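Take a look at the letters that make up each chain.
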Amino acid sequence: MEVYNKFARDFKKLPIEEQEKIIEEQKKKCICPTCPSYNKCAIVEREKLFCMIGRSFLCISFEEGCKCDECAIEKEFQLKYKYFCTRSDEKGQRYLNSVWGSTMV
Ligand code: SF4
Ligand code: SF4
């Protein structure tokens, strides 16, 4: 099974505490704070790991570049998309692409 799909499937089955632990661990690898789209609001709200958690809730609305393709998480989970902070997490973008044939990559 494809790496990201396996992760998403196994993650869903874990207890909430385990999920939170994994999210905190993965957040350490996220390089969003080095990206031009990342802003002061995102720093204050400690928003990160949009590829797994979902788009920015409060802070990021403008796309000014994306560093996801330089990130260890992108390689580890073989992510296909980027601009997770404005567009949706990997799961959401995969879904949209399957429904609408989006070309947002
Ligand atoms: S792929 Fe992008 S959103 Fe996901 S952890 Fe890396 S930099 Fe952050
Ligand atoms: S998801 Fe991409 S565009 Fe958004 S802050 Fe992270 S690296 Fe930048």
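Preceding this section is the structure that the text describes.
Residues numbered from 1 in each chain as written. Chains lettered and ligands numbered in written order. Predicted model: local features only at pLDDT ≥ 70, side-chain atom pairs only at ≥ 80, totals over all residues. Heavy atoms only, no water.

**Thoughts on the site of ligand 2**
Taken together, the neighbourhood of ligand 2 is formed by Cys32, Cys35, Ser37, Gly65, Cys66, Lys67, Cys68, Tyr83, Phe84 and Cys85. Here the shell around ligand 2 is composed, by residue class, of seven nonpolar, two polar and one charged. (Near = heavy atom within 4 Å. Nonpolar A, V, L, I, M, F, W, Y, C, P; charged D, E, K, R; others polar.)

**Brief notes about the nonpolar core**
Of all hydrophobic cores here, the largest spans 23 residues; its most connected members are Met52 and Ile73. Those elements giving two or more residues to this core turn out to be helix H1 (3–13), helix H4 (50–53) and helix H6 (84–87). For isoleucine 73, the contacting residues outside a window of four places in its chain are Gln26, Lys29, Leu49, Cys51, Met52, Gln78 and Leu79. (Core = buried A, V, L, I, M, F, W, Y, C linked by side-chain atoms within 4.5 Å. Buried < 20%, exposed > 50% of the residue type's maximum accessible area, 1.4 Å probe, protein only. Helix = DSSP H or I, 4+ residues; strand = E, 2+ residues; numbered from the N terminus. Contact = heavy atoms within 4.5 Å.)

**Examining the site of ligand 1**
Taken together, Cys30, Ile31, Cys32, Leu49, Phe50, Cys51, Cys68, Cys71, Ile73, Leu79 and Phe84 make up all the residues around ligand 1. Classifying every residue of the shell around ligand 1 by side-chain character gives 11 nonpolar, no polar and no charged.

**Description of the packing of H1 against helix H2 (residues 16–27)**
Running from N to C, H1 and H2 cross one another at 135 degrees; their axes reach a closest spacing of 8 Å. Considering the angle they form, H1 stands oblique to H2. Here H1 contributes Phe7, Phe11 and Lys12 to the contact with H2, which in turn contributes Gln19, Ile22 and Ile23. By residue class, the composition of the contact of H1 with H2 is four nonpolar, one polar and one charged. (Axes fitted to C-alpha atoms, helices over the stretch in contact; angles between N-to-C directions. Parallel < 35°, antiparallel > 145°, perpendicular 65-115°, else oblique.)

**Description of the pattern of salt bridges**
Taken as a whole and assessed by the stated rule, the structure comprises 11 salt bridges. Among the ionic pairs, aspartate 10 bridges to arginine 9, the shortest N-O distance being 3.1 Å. Classification of aspartate 10 by relative accessible area gives partly exposed; the value is 26%. On the accessibility criterion, arginine 9 (36% relative accessible area) is partly exposed. Here arginine 94 makes a salt bridge to glutamate 90, at a shortest N to O gap of 2.6 Å. One end of the pair, arginine 94, and the other, glutamate 90, are both in helix H7 (residues 90–100), four residues apart, so they sit about a helical turn from each other. Salt bridges sharing partners connect three or more residues here, namely Glu2, Glu90 and Arg94. (Salt bridge = Lys/Arg side-chain N within 4 Å of Asp/Glu carboxyl O.)

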